[in-house]
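Examination of the molecular architecture
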Amino acid sequence: MIKVRFLREDKEELIEYKEDLKIEDILRKFGYSSETAVVKRNGKINTEDENVEDNDDILIISVGSG
Amino acid sequence: MYCKCGKKAIVFRRYSGEKLCERCFNKSMIERVKKVIRKYSLIEKNDRVGVAVSGGKDSLVLLNILKKLSEKYPFDLIAVTIDEGIKGYRDKTIEIVKKNCKLLGIESKVYSFKKELGHSMDEIAKRDRKLSACSYCGVFRRYLLNKKTRELGCNKIAIGHNLDDEVQTILMNFLRGDLSRFGRTGSYYIYSNERFVPRIKPLREIPEKENVVYALSNNIEVGFSRCLYAGEAYRNNIREFLNKMELEQPTTKYSLLRSYDKIYPLIAKNLAKKVKYCEKCGEPTIGDICKTCEFLEKL
């Protein structure tokens, strides 16, 4: 399973791991894109084309305003 | 994805094709801000710059980058924060501003709506009013920023507007037919007067997303919470449209900014209005009475 957390919304979800799953797929699943969010994977900033691994911790930071 | 230096990239700039590692990205951010400052002579020798710092990512990234530049170039910085009086939001970000200023060794000043104008935003929001809370807030904030930075001896106000803010504003004003505002979104001012402190936007060519990456990568503590009264639906629609267009055509935002910058010298003189003094308070305005006096009368 992959843990997905959302910094601005103070919530987290678990999603099932699939082979070749990329960060951009996770962003799309939750209504984000490379324009609207920055992602930390296991505490490090990642580009959206990166593959994720099982048990990864994904933090989505909505770019928003402010 | 790897940076040209061989390290793992943390940013992929779709609009330029650059893939940058943390070190190259941070270096590039400083260089791009320097380039904008030089291009429009935004900061000059011995300037005293009041940095409008809300505690959000843009203003704190701006403060951090300007601090770095002020160590190499001869200009002064002071952080100016406007406390609109939004409990549970602004009180938290003011603490973040203070922590950052302490870390950076920058003097920080806070001015509140309540003390300076007699009404907090929480009080204004509760009233029966025709305008949105954001309308009051924007007018009062700009008024206080100008007045207080001038009183502090600043000759520039630096604000954290990023590329996304700029192109949203340009498109919004154009679509609304607000040509007066459309004529004053440029990087410099056509009209000014001695009580008007020019606002500079050193981050106007930095995408919003890259400010977030810079804040995270440099461990800058920033407030990510949203204002309780935020809800400018029109701007949100424009933001969504531009983000969608940028995904399909990754130079959309820059193209819009470049187009605007090219026509700005041609339109600004015709569209921007001359700055006068408010007949009531004496602060700069384009009308006879400034918006702040007009709004305060209605409250």
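Within any chain, residue numbers begin from 1 and follow the written order of that chain's sequence. Throughout, the order in which chains and ligands are written sets their labels, letters from A for the former and numbers from 1 for the latter. Residue-level local features of this predicted model are given only where pLDDT is at least 70; pairs of side-chain atoms are given and counted only at 80 or more, and the full residue set underlies all totals for whole chains, interfaces and linings.

A word on the overall build of chain A
A count of helices and strands for chain A gives one helix and five strands. What you see in chain A, going N to C, is helices and strands ordered as β-β-α-β-β-β. A compact globule built from 66 residues would reach a C-alpha radius of gyration of about 11 Å, and chain A, at 11 Å, matches this within 12%. Seen through its principal axes, chain A has C-alpha atoms that stretch 35 × 20 × 20 Å. Going along the chain from the N terminus, every DSSP run of H or I of four or more residues is numbered as a helix, and every run of E of two or more is numbered as a strand. Two things to know: the radius of gyration comes from C-alpha atoms, and the globule rule equals 2.2 Å times the number of residues to the power 0.38.

Focus: the sheet that holds strand β3 (residues 48–52) of chain B
All names here are of chain B. Strands sit in the order β5-β4-β3-β6-β7 across an open sheet of five strands; the sheet is parallel. Of all strands in the sheet, those with a lone pairing partner are β5 (108–112) and β7 (199–200), marking the two edges. For strand β4 (residues 76–83) and β5, the ladder comprises five bridges, and the chain directions are parallel. Directly across from Asp83, in β5, lies its bridge partner Ser112. Contacting β4 and β5, helix α3 (residues 90–104) crosses the sheet at an angle of about 165° to β4. Here contacts are defined at the residue level, using C-beta atoms placed from the backbone and a cut-off of 7 Å between them. To obtain an axis, a line is fitted to C-alpha atoms, over the contacting stretch when the element is a helix, and the angle between two such axes runs from 0 to 180 degrees between their N-to-C directions. Each of β3, β4, β5 and β6 (156–158) is contacted by helix α6 (residues 133–151), which is oriented at about 145° to β4, the strand it contacts most. At least two bridges found by DSSP between two strands is the condition for calling them paired.

Looking at unusual backbone geometry
A positive phi angle, near 50°, is found at Asn42(A), a position not held by glycine. Position of Asn42(A) among the secondary structure elements: in the loop between β3 (37–41) and β4 (44–46). Around each residue's C-beta, the other C-beta atoms within 10 Å are counted; 20 or more make the residue buried, 12 or fewer make it exposed, and counts in between make it partly exposed. All C-beta atoms are placed from the backbone. On the basis of neighbour count, Asn42(A) is assigned to the exposed category, with 12 C-beta atoms found within 10 Å. Of note, Asn46(B) is a non-glycine position whose phi angle comes to about 65°, a positive value. As for its placement among the helices and strands, Asn46(B) is situated in the loop between α1 (22–39) and β3. The class for Asn46(B) is exposed, based on 9 C-beta atoms found within 10 Å.

Remarks on helix α9 (residues 208–217) of chain B
Taken across its ten residues, α9(B) has nine buried, putting it largely inside the fold. Of the residues trailing α9(B), Asn219(B) is marked for its positive phi of about 50°.

Some thoughts on the sheet that holds strand β5 (residues 57–62) of chain A
Residue and element names in this part refer to chain A. Reading across from one edge, β2-β1-β5-β3-β4 is the order of the five strands in this open sheet, with mixed pairing throughout. The sheet is open, and its two borders are formed by β2 (11–15) and β4, each paired with just one other strand. Taken over all neighbouring pairs, the strand axes of this sheet differ in orientation by 30° on average, direction set aside.

Let's talk about the interface of chain A and chain B
Between chain A and chain B, the contact holds 13 residues from the first and 19 residues from the second. Classes in brief: Ala, Val, Leu, Ile, Met, Phe, Trp, Tyr, Cys and Pro nonpolar; Asp, Glu, Lys and Arg charged; the others, Gly included, polar. Residues belonging to the side of chain A that touches chain B are distributed by class as follows: five nonpolar, five polar and three charged.

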